[in-house]
Amino acid sequence: MTIETTSAGVLALIAIMTVVTLITRFGGVFLMSFVRINPRVESFINTMASSVLIAIIVPMAVDGDLGALAALVATGVTMLATRKPLPSITVGLLAAALVRYLG
């Protein structure tokens, strides 16, 4: 199946992705409404969040450009120093922007 990359095709792709995203989001909440949240399930959910982050970060660290590496290092150092995610993300974004602007 192919969809032409005309304006209508692009809008159709966006609509399809929107529907799929909503189905997975609401479907996950619906399915989890039948699961009893005990300490073991809570631990699994917390671990999955970390696994997803690591799955995103490791390829970026291995194959990323200098801006990606600067963002990764700056975010990690700031997170270790402040233990606050929002300032760490901000510093990482600024580091990537600065390296890419200068480079």
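Criteria and cut-off values
Residues numbered from 1 in each chain as written. Predicted model: local features only at pLDDT ≥ 70, side-chain atom pairs only at ≥ 80, totals over all residues. Heavy atoms only, no water. Helix = DSSP H or I, 4+ residues; strand = E, 2+ residues; numbered from the N terminus. Rg over C-alpha atoms; globule rule 2.2 N^0.38 Å. Buried < 20%, exposed > 50% of the residue type's maximum accessible area, 1.4 Å probe, protein only. Areas by Shrake-Rupley, 256 points an atom, 1.4 Å probe, with all protein chains shown as cover. Lys, Arg positive; Asp, Glu negative; His and termini not counted. Charge placed at Lys NZ, Arg CZ, Asp CG, Glu CD. UniProt positions renumbered as here; feature names shortened; annotations may be inferred.

K.L.:
Can you explain the overall build of the protein chain? Please cite residues and give values.
P.N.:
Scanning the protein chain from N- to C-terminus turns up four helices and zero strands. What you see in the protein chain, going N to C, is helices and strands ordered as α-α-α-α. For the protein chain, whose C-alpha radius of gyration is 19 Å, the value lies well above the compact-globule estimate of 13 Å for 103 residues. Counting only C-alpha atoms, the protein chain reaches 50 × 45 × 25 Å along its principal axes. Considering the protein chain as a whole, with its 103 residues, one finds that 11% of them fall into the buried category. With the model as given, the accessible surface of the protein chain reaches about 8500 Å², and the carbon-plus-sulfur share is 74%. Within the protein chain, one finds 6 positive and 4 negative side-chain charges whose respective centroids are separated by 19 Å.

K.L.:
I'd like a rundown of the UniProt feature "transmembrane region" (unreviewed entry) in the protein chain, residues and numbers included.
P.N.:
Under the local residue numbering, the UniProt record ascribes the feature "transmembrane region" (unreviewed entry) to residues 6-32. Annotated as residues 6-32, this span is 96% helix and 0% strand, and its ends, taken at the C-alpha atoms, are 39 Å apart.

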